[in-house]
Amino acid sequence: AGRGFAVVADEVRKLAEKSRLQTIEIENSVKQIQMNTQMAVTKMDAASELVKQTDTALTDTENALRSAAAQGRQINVKACDIALAVEQQSRAGEAIGANIARVEDAVDNNIGSIENTKGSVKTLSRITEQLDYLVKFFKYLLLLNIFCI
């Protein structure tokens, strides 16, 4: 009977050691997941800030282009007035007006492109916010699982 007890005790010790090693392995996995999650959150925060900065820069650029377009329109009006007042400068005024119209068209095209880009940046910003929420949610779930283990 003593020999049987020793065999059982030895098996119990082996199982306990296996359990201890698996527990350490699980702890290491959880720590690695937590570190990866934190790195992901940090990167998402940085990306979110970059998206916000890009949005601000695009808004500033859009405002500057709108101002340039308005100034271009004012110049076009003045150029037409000069062309009407002075017959000799008529041809020069028409050339200036045509160039300004091309610049105005180019600016208007750029404004459209910027507005499209701004919409894309806003979409990216919303996606970033959603991903940030999901990361926080998964961190919360991880914490729940750690305390439930």
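One can find the structure itself at the top, above this paragraph.
Residues numbered from 1 in each chain as written. Predicted model: local features only at pLDDT ≥ 70, side-chain atom pairs only at ≥ 80, totals over all residues. Heavy atoms only, no water.

The next thing to look at is the overall build of the protein. Across its full length, the protein carries two helices and zero strands. Across the 149 residues in the protein, those meeting the buried criterion constitute 19%. Of the roughly 11,300 Å² of accessible surface on the protein, a fraction of 61% belongs to carbon and sulfur atoms. (Helix = DSSP H or I, 4+ residues; strand = E, 2+ residues; numbered from the N terminus. Buried < 20%, exposed > 50% of the residue type's maximum accessible area, 1.4 Å probe, protein only. Areas by Shrake-Rupley, 256 points an atom, 1.4 Å probe, with all protein chains shown as cover.)

Taken together, the side chains of L124, I127, L131, Y133, L134, F137, F138, Y140 and L144 make up a nonpolar region of the molecular surface, amounting to roughly 870 Å² of accessible area. Here L144 shows up in helix α2 (residues 90-148). (Patch = residues over 30% accessible without salt bridge, like charges linked within 9 Å, V, L, I, M, F, W, Y side chains within 5 Å. Salt bridge = Lys/Arg side-chain N within 4 Å of Asp/Glu carboxyl O.)

Now for the nonpolar core. Residues L65, A69, V107, I111 and I114 constitute the largest nonpolar core, which totals five residues. Among the elements of the structure, α1 (2-85) and α2 are those that each provide at least two residues to this core. Residue contacts for A69: discarding those within four places in its chain leaves E104, V107 and D108. (Core = buried A, V, L, I, M, F, W, Y, C linked by side-chain atoms within 4.5 Å. Contact = heavy atoms within 4.5 Å.)

What follows deals with the environment of M44. Take M44: it is sitting in helix α1. The exposure class of M44 is buried, given its relative accessible area of 18%. Setting aside chain neighbours within four positions, we find M44 in contact with T128, L131 and D132.

Before going further, it helps to examine the packing of aromatic side chains. Summed over the entire model, instances satisfying the criterion amount to two aromatic pairs. Three or more aromatic residues joined by ring pairs make a cluster, and in this case those are Y133, F137 and F138. (Phe/Tyr/Trp six-rings, centres within 6.5 Å; stacked < 30°, edge-to-face > 60°.)

This structure, assessed with the given rule, holds ten salt bridges. For K14, the salt bridge identified is with E11, shortest N-O distance 3.9 Å. Here the residue K14 and the residue E11 both occupy positions in helix α1, the gap between them amounting to three residues, near one helical turn. Taking the relative accessible area as the measure of exposure, K14 reaches 47% and is therefore partly exposed. Salt bridges linked by common partners bring D10, E11, R13 and K14 together as one network.

So, on to the environment of G119. Here G119 shows up in helix α2. Residue classification places G119 among the partly exposed positions, given a relative accessible area of 32%.

Mapping E104 onto the fold places it in helix α2. Filtering out sequence-adjacent residues up to four positions away, E104 remains in contact with A69, G72 and R73.

Considering the arrangement of structural elements, one finds E62 in helix α1. A residue is classified by how much of its surface remains accessible, and E62, at 8% relative accessible area, is buried. A polar contact of 2.9 Å, which involves the side chain of E62, links it to the side chain of R66. Dropping the residues within four chain positions of it, E62 is found in contact with I114, E115 and K118. (Polar contact = N/O pair within 3.5 Å; in protein donor to acceptor, adjacent residues only side chain to side chain.)

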